[in-house]
Amino acid sequence: MYIHIGEDLNIRLKDIIAILDKDSTENSKSMEEFFQYHQKEAINLSKKRTKSIVITVDKIYLSPIASGTLKKRSSQMYLQEF
């Protein structure tokens, strides 16, 4: 199954490692170091404001869609598989 994370991008659910709220990561020193280290893999999908960060096995996406919305989408898709 695929999930829409912003712009015209859909990614496979099984490739997602984490969906993080952007505001909750701003004061974290370890997250800052993580993003600096993986800066080359980051893709900004937000034209205005980034609301969430989607970490996959090979990329980091800065998404304009709220983390709660992405969680709901992934849960609904997961349930549809059964």
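The preceding data block contains the structure.
Remember, it's a predicted structure, so these values are computed and weren't measured experimentally.

Trainee: Tell me about the environment of Lys51, residues and numbers included.
Mentor: When you line up the elements, Lys51 lands in the loop between strand E4 (42-44) and strand E5 (52-56). On the basis of relative accessible area, Lys51 is assigned to the partly exposed category, the value being 36%. Spatially, the C-alpha atom of Lys51 lies 20 Å from that of Gln76, the residues being 25 residues apart in sequence.

Trainee: Could you give an account of the environment of Phe34, naming the residues involved and the relevant values?
Mentor: On the secondary structure map, Phe34 appears in helix H2 (residues 29-37). Excluding residues within four positions of it along the chain, Phe34 makes contact with Ile55 and Ile60.

Trainee: Explain the pattern of salt bridges to me, using residue names and the numbers behind them.
Mentor: As a working rule, side chains carrying opposite charge can pair if their charged atoms are close by. Applying the stated criterion to the full structure yields four salt bridges. A salt bridge links Lys22 to Glu26; the nearest nitrogen and oxygen atoms lie 3.3 Å apart. Accessibility expressed as a relative area gives 24% for Lys22, which makes it partly exposed. What makes Glu26 partly exposed here is its relative accessible area of 48%.

Trainee: I'd love a proper account of the environment of Val54, names of residues and values included.
Mentor: Relative to the assigned elements, Val54 resides in strand E5. Taking the relative accessible area as the measure of exposure, Val54 reaches 0% and is therefore buried. Measuring from C-alpha to C-alpha, the distance between Val54 and Leu20 comes to 6.4 Å, with 34 residues separating the pair along the chain.

Trainee: Talk me through the side chain of Thr56; I want residue IDs and the actual numbers.
Mentor: Here Thr56 shows up in strand E5. If we ignore the near neighbours within four places in the chain, the residues touching Thr56 are Ile11, Asp15, Ile16, Ile17 and Tyr61.

Trainee: Report on the side chain of Thr50, specifying residues and quantitative values.
Mentor: Mapped onto the secondary structure, Thr50 falls in the loop between E4 and E5. Among the polar contacts listed, one links the side chain of Thr50 to the side chain of Ser46, at a separation of 3.2 Å. Setting aside residues up to four positions removed in sequence, Thr50 forms contacts with Lys22, Asn44, Leu62 and Ser63.

Trainee: I'd like to hear about unusual backbone geometry, residue by residue, with values.
Mentor: Even without glycine at this site, Glu7 takes up a positive phi of about 50°. Mapped onto the fold, Glu7 is located in the loop between strand E1 (2-6) and strand E2 (9-12).

Trainee: Give a description of the nonpolar core that names residues and reports values.
Mentor: Among soluble globular proteins, nonpolar side chains are generally buried collectively. Counting ten residues, the largest nonpolar core consists of Ile3, Ile5, Ile11, Leu13, Ile16, Leu45, Val54, Tyr61, Ile65 and Leu70. Residue contacts for Ile65: discarding those within four places in its chain leaves His4, Ile5, Gly6, Lys51, Ser52, Leu70 and Arg73.

What counts as what
Each chain has its residues counted from 1, running along the sequence as written. This being a predicted model, a pLDDT of at least 70 is required before a residue's local features are given, and a value of 80 or more before pairs of side-chain atoms are given or counted; all residues contribute to the totals for chains, interfaces and linings. Working from all heavy atoms in the structure, the side-chain values ignore hydrogens and water. Each helix is a run of DSSP H or I of at least 4 residues and each strand a run of E of at least 2, with the numbering of both proceeding from the N terminus. Relative accessible area decides the class of each residue, using a 1.4 Å probe on protein chains only: under 20% of the type maximum gives buried, over 50% gives exposed, and in between gives partly exposed. Contact definition: two residues touch when any of their heavy atoms are within 4.5 Å. Should a side-chain nitrogen of Lys or Arg be within 4 Å of a carboxyl oxygen of Asp or Glu, the pair is scored as a salt bridge. N or O atoms within 3.5 Å of each other form a polar contact, as long as, within protein, one can give a hydrogen and the other can take it, and as long as residues adjacent in sequence are counted only when both atoms are side-chain atoms. What we call a nonpolar core is a set of buried Ala, Val, Leu, Ile, Met, Phe, Trp, Tyr and Cys residues that are connected through their side-chain atoms within 4.5 Å.

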